[in-house]
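This is what each chain is made of:
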Amino acid sequence: MKDIRSLTFEELKAEVSALNMPAFRTKQIYGWLHKTPVFSFDEMTNISKADRQKLGEVFTLDPMTIADVQISKLDGTRKYLFRLGDGHLIESVMMRYHYGISVCVSTQVGCRMGCRFCASTVGGRVRDLAPSEILDQVYRIEADTGERVSHVVLMGSGEPFDNYDAVVRFLRLISDPEGKKIASAQNLGRLFCGTKYDDLKDALKVLQPQQLDLVRKVYWENVDQREIAADEGVDE
């Protein structure tokens, strides 16, 4: 079955057409997937029962569940343990700041980068997360707290660009004006651990223009600033 929450708006539009549903269904369904996220097709209340049945026969909404939540008595930071559909566990953290609510998401189950300070690399990389599984960490936390997430950082388990395609798709979906429209690249701290400069250049080409300056600020630590400034036309 197809992973419906990982589809772009245009991909969903093509799938809706293939199922002989009216064109306006695309925006309705996409809204339930991203703008006001639900976790089952039955919750899509403005979709007919027949069309919901069609969706359930073709697509899946990944059954991620909250396995545990730890709440700091000091500042209310919430650490989530999520159980994925295949039983694997990942962690996310929700943090409150004066500028809004930030969620730190995982991009892989485990990690193969070998950073000695990081516990997620101990067992190595188990598998990549799908775009929907990265999104659902944000959406589940919003549903659990009733609060809107304003920032997303990709600093949980896994090296984001070791799961390149899924992460780029996640960024496009989380910042889509038809969905949450979260400017997620504002806080992509330590995004590029273990990647090469040429990989970074390729990555920047596919990110949306409003994200580029924000992303550039991140990898100064790992790449020669002068090389990037000359190549990308930015000030040192």
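Check the entry above for the structure.
Everything numeric here is computed off the predicted structure, so don't read it as measured data.

Undergrad: Can you help me understand the packing of helix 4 (residues 131-145) against helix 5 (residues 164-174) in this one?
TA: How two helices sit against one another is set out by the angle between their axes and by the gap between those axes. It is the contact of helix 4 with helix 5, at a shortest axis distance of 8 Å, that shows an interaxial angle of 45°. As far as their axial angle goes, helix 5 and helix 4 are oblique. In this structure, helix 4 crosses over helix 5, and the sense of that crossing is right-handed. Contacts between helix 4 and helix 5 involve Pro-131, Ile-134, Leu-135, Val-138 and Tyr-139 from the first element and Ala-166, Val-167, Arg-169, Phe-170, Leu-173 and Ile-174 from the second. Here the contact of helix 4 with helix 5 is built from residues that sort into 10 nonpolar, no polar and 1 charged.

Undergrad: When you look at unusual backbone geometry in this model, what are you seeing that I'm missing?
TA: For residues that are not glycine, phi is negative in most cases, and the peptide bond is trans in most cases. For Asn-20, which is not glycine, the phi dihedral falls at a positive 60°. Note on placement: Asn-20 falls in the loop between helix 1 (9-18) and helix 2 (25-35). Phi is positive for Lys-181, close to 55°, though the residue is something other than glycine. Among the secondary structure elements, Lys-181 is positioned in the loop between helix 5 and helix 6 (197-206).

Undergrad: In this structure, what is going on with the packing of aromatic side chains? I would like to understand it.
TA: The geometry of an aromatic ring pair comes down to the distance between the two centres and the angle between the two planes. Within the structure shown, the criterion is met by 3 aromatic pairs. Relative to Phe-82, the ring of Tyr-80 has its centre 5.6 Å away and its plane inclined at 5°; by these criteria the two rings are stacked. Each member of the pair, Tyr-80 as well as Phe-82, carries the same accessibility label: buried. Aromatic pair Tyr-97 and Tyr-99: ring centres 5.1 Å apart, planes at 15°, arrangement stacked. When its relative accessible area of 40% is taken as the criterion, Tyr-97 is described as partly exposed.

Procedures and definitions
- Residues numbered from 1 in each chain as written.
- Predicted model: local features only at pLDDT ≥ 70, side-chain atom pairs only at ≥ 80, totals over all residues.
- Heavy atoms only, no water.
- Axes fitted to C-alpha atoms, helices over the stretch in contact; angles between N-to-C directions.
- Helix = DSSP H or I, 4+ residues; strand = E, 2+ residues; numbered from the N terminus.
- Parallel < 35°, antiparallel > 145°, perpendicular 65-115°, else oblique.
- Left-handed = near helix turned anticlockwise from the far one by under 90°.
- Contact = heavy atoms within 4.5 Å.
- Nonpolar A, V, L, I, M, F, W, Y, C, P; charged D, E, K, R; others polar.
- Phe/Tyr/Trp six-rings, centres within 6.5 Å; stacked < 30°, edge-to-face > 60°.
- Buried < 20%, exposed > 50% of the residue type's maximum accessible area, 1.4 Å probe, protein only.

Any link to function would need more than the numbers given here.
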